[in-house]
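Listed below, chain by chain, are the residues.
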Amino acid sequence: MRILIFSDIHGKSDSALFLKQKAEELNADYIFLLGDNLYHGPRNDVPEGYDPKKVAEILNSLSDRIIAVRGNCEAEVDQMMLNFPCLETYALFAADGKRFFLTHGHVYDKENRIKSGYEIFLSGHTHLRVLEKEEGIVFVNPGSISLPKGDGIRSWALYEKNQISIYSITGALLSQMTV
């Protein structure tokens, strides 16, 4: 099972195009979108390459492989643009004997979360990469593919063969963990 994990595209068309290229190159079985796909939010400057219609078109071309959750910037109008559900606060998924909890991070996070039923907790929202294990749970935040904070490196994650890896868009391996 090969799963791409992206968060916080924020309407940036080159980020969505990168996602599509990776999905095709790696022949991804699924793509997890952890929210904030089309809109840039009122606190962010309009990102260079902001084109939510193009992002919707690109994501719709992958809709049969996408599992998405609602970010704090998603609205009902976004659902009218997308061919896959994107308005649920969380989703559950199972693969390779592992259970995944997907959320954006503005409602549920490491401190305020449903405490059982999964081994891997995926969230975005902070635009900061995280890959750590605590109390038997692996916490993953792929960072932001469009508007990274901290070191400014645009990043995404890959789950494959019971391993999670976080990469920069240049292909550099930033962190990795067997789960």
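Residues numbered from 1 in each chain as written. Predicted model: local features only at pLDDT ≥ 70, side-chain atom pairs only at ≥ 80, totals over all residues. Heavy atoms only, no water.

Labelled according to an unreviewed UniProt entry, the protein chain appears under the name Phosphoesterase, originating from Candidatus Ornithospirochaeta avicola. UniProt, in its Sequence similarities (unreviewed entry) section for the protein chain, records the words "Belongs to the metallophosphoesterase superfamily. YfcE family." In its Cofactor (unreviewed entry) section, UniProt records this for the protein chain: "a divalent metal cation". (UniProt positions renumbered as here; feature names shortened; annotations may be inferred.)

We now examine the overall build of the protein chain. When its secondary structure is counted, the protein chain shows 3 helices and 11 strands. Scanning the protein chain from its N terminus toward the C terminus, one meets helices and strands in the order β-α-β-α-β-α-β-β-β-β-β-β-β-β. Here the C-alpha radius of gyration of the protein chain, 15 Å, is about what a compact globule of 179 residues would show, namely 16 Å. C-alpha extents for the protein chain along the principal axes are approximately 40 × 35 × 30 Å. Looking at the protein chain as a whole, 50% of its 179 residues are labelled buried. Sequence-distant contacts, at least 24 apart, represent 54% of the contacts inside the protein chain between residues at least 6 apart. When the accessible surface of the protein chain is totalled, it reaches about 8,200 Å², and 48% of it is carbon and sulfur. (Helix = DSSP H or I, 4+ residues; strand = E, 2+ residues; numbered from the N terminus. Rg over C-alpha atoms; globule rule 2.2 N^0.38 Å. Buried < 20%, exposed > 50% of the residue type's maximum accessible area, 1.4 Å probe, protein only. Contact = heavy atoms within 4.5 Å. Areas by Shrake-Rupley, 256 points an atom, 1.4 Å probe, with all protein chains shown as cover.)

Going through the model one piece at a time under the given rule, you end up with 16 aromatic pairs. Consider the rings of phenylalanine 18 and tryptophan 156, whose centres lie 6.1 Å apart with planes at 70°: the pair is edge-to-face. On the criterion of sequence distance, the pair formed by phenylalanine 18 in helix H1 (residues 13–26) and tryptophan 156 in strand S9 (residues 155–160) is long-range, its members being 138 residues apart. In this pair, the class of phenylalanine 18 matches that of tryptophan 156, namely buried. (Phe/Tyr/Trp six-rings, centres within 6.5 Å; stacked < 30°, edge-to-face > 60°.)

Moving on: the sheet that holds strand S5 (residues 98–103). In spatial order, the strands read S4-S5-S6-S8-S7; together these 5 strands make up an open sheet with mixed pairing. At either end of the open sheet lies a strand with only one pairing partner, and these are strand S4 (90–95) and strand S7 (129–134). Taken over all neighbouring pairs, the strand axes of this sheet differ in orientation by 15° on average, direction set aside. Of the pairings in the sheet, the one linking S4 to S5 comprises 6 bridges and is antiparallel in character. Of the residues in S5, the one forming a bridge with phenylalanine 93 is phenylalanine 100. (Pairing = 2+ DSSP bridges. Axes fitted to C-alpha atoms, helices over the stretch in contact; angles between N-to-C directions.)

Grouped together as the largest cluster of nonpolar side chains are 26 residues, with contacts concentrated most on Leu4, Leu33, Leu59 and Trp156. The set of elements that each furnish at least two residues to this core consists of strand S1 (2–6), H1, strand S2 (30–33), helix H2 (52–60), strand S3 (66–68) and S9. Counting residues per element, this core draws most heavily on H1, at 5 residues. Once residues lying within four places of it in the same chain are set aside, the contact partners of leucine 4 are Leu19, Lys22, Ala23, Leu26, Ala28, Tyr30, Ile31, Phe32, Trp156, Ala157 and Leu158. Core analysis: the second largest hydrophobic core is formed by 22 residues, Ile5, Phe93, Ile120 and Ala157 among them. (Core = buried A, V, L, I, M, F, W, Y, C linked by side-chain atoms within 4.5 Å.)

So, on to the pairing of S2. On a regular strand, one side chain projects to one face of the sheet and the next to the other, so that they alternate. Across 4 bridges, the pairing between S1 and S2 is parallel. In the sheet register, isoleucine 3 faces S2, and the bridge partner there is tyrosine 30. Traced from S1 through H1 to S2, the parallel crossover comes out right-handed. Pairing analysis gives 3 bridges linking S2 to S3, with the strands arranged parallel. Considered in S3, the bridge of leucine 33 is made with alanine 68. (Right-handed = clockwise from strand over helix to strand, strands pointing away.)

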